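Residue-level structure breakdown
Here are the chains, one letter per residue:
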Amino acid sequence: MSAVAMPRRHGAPDSERAALLATLPRPMQRLIAALASGVNPQAIDIFGSRVTGLARTGSDIDLILVIPGAKVDIDTRKEAGAITCNSHVGADVLLVTEAQFKARTAAPLSFLGSIKPKQVF
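Right, let's walk through the structure included here.

1. Remarks on the overall build of the chain
Each helix and strand counted, the chain has six helices and four strands in total. Taken from N to C terminus, the helices and strands of the chain fall in the order α-α-β-α-β-α-β-α-α-β. On C-alpha atoms alone, the chain measures out to a radius of gyration of 14 Å, which is about the 14 Å that the 2.2 N^0.38 rule sets for 121 residues. Over its C-alpha atoms, taken along the principal directions, the chain stretches across nearly 40 × 30 × 25 Å. Per-residue burial over the chain gives 40% buried out of 121 residues. Nonlocal contacts in the chain, meaning residues at least 24 apart in sequence, comprise 68% of its contacts between residues at least 6 apart. For the chain, the exposed area adds up to about 6700 Å²; of that, 56% sits on carbon and sulfur atoms.

Written out as structure tokens, the structure reads:
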């Protein structure tokens, strides 16, 4: 089976995102596609063991959804939670605005600054 098709977004080149996405199990690829479609984030980044190469069979997936706008509203959080729950995939999903993402990844002592996320959408 081929990888789930993802539309072009800002950030990492298509080839890098496609290569990273192809390393994920199909249920995780489907979760990312469902979140991209249902929540419509500006970007989806992956971090943790799936990026560092330390993932084992049964490891979860850690995702950051970069949401457009000044804040992440409750309906967006609920939708992301429902999609994740219904996927039956072990996943940690963090929702942040673009401003929060930029500020926190620029601060090396912050959580986002320390995890070195990679964009998949």
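Okay, back to it.
2. Section: unusual backbone geometry
Positive phi, close to 55 degrees, is recorded for N40, a residue that is not glycine. Phi is positive for H88, which is not a glycine, with a value near 60 degrees. With respect to the element layout, H88 can be found in the loop between α4 (74-87) and β3 (91-97).

3. Quick word on the sheet that holds β3
Each strand in a sheet pairs with its neighbour through backbone hydrogen bonds, running either in the same direction (parallel) or in the opposite one (antiparallel). Pairing within the open sheet is mixed, and its four strands lie in the order β3-β2-β1-β4. Either end of the sheet is taken by a strand with one partner, and the two such strands are β3 and β4 (118-119). Looking at chain direction, strand β1 (residues 43-47) and β4 are connected through two bridges and run antiparallel. Bridge pairing in β4 links D45 to Q119. Its contacts with the sheet put helix α2 (residues 26-39) on β1, β2 (61-67) and β3, and the angle it makes with β2 is roughly 15 degrees.

Calculation criteria
- Residues numbered from 1 in each chain as written.
- Predicted model: local features only at pLDDT ≥ 70, side-chain atom pairs only at ≥ 80, totals over all residues.
- Heavy atoms only, no water.
- Helix = DSSP H or I, 4+ residues; strand = E, 2+ residues; numbered from the N terminus.
- Rg over C-alpha atoms; globule rule 2.2 N^0.38 Å.
- Buried < 20%, exposed > 50% of the residue type's maximum accessible area, 1.4 Å probe, protein only.
- Contact = heavy atoms within 4.5 Å.
- Areas by Shrake-Rupley, 256 points an atom, 1.4 Å probe, with all protein chains shown as cover.
- Pairing = 2+ DSSP bridges.
- Axes fitted to C-alpha atoms, helices over the stretch in contact; angles between N-to-C directions.

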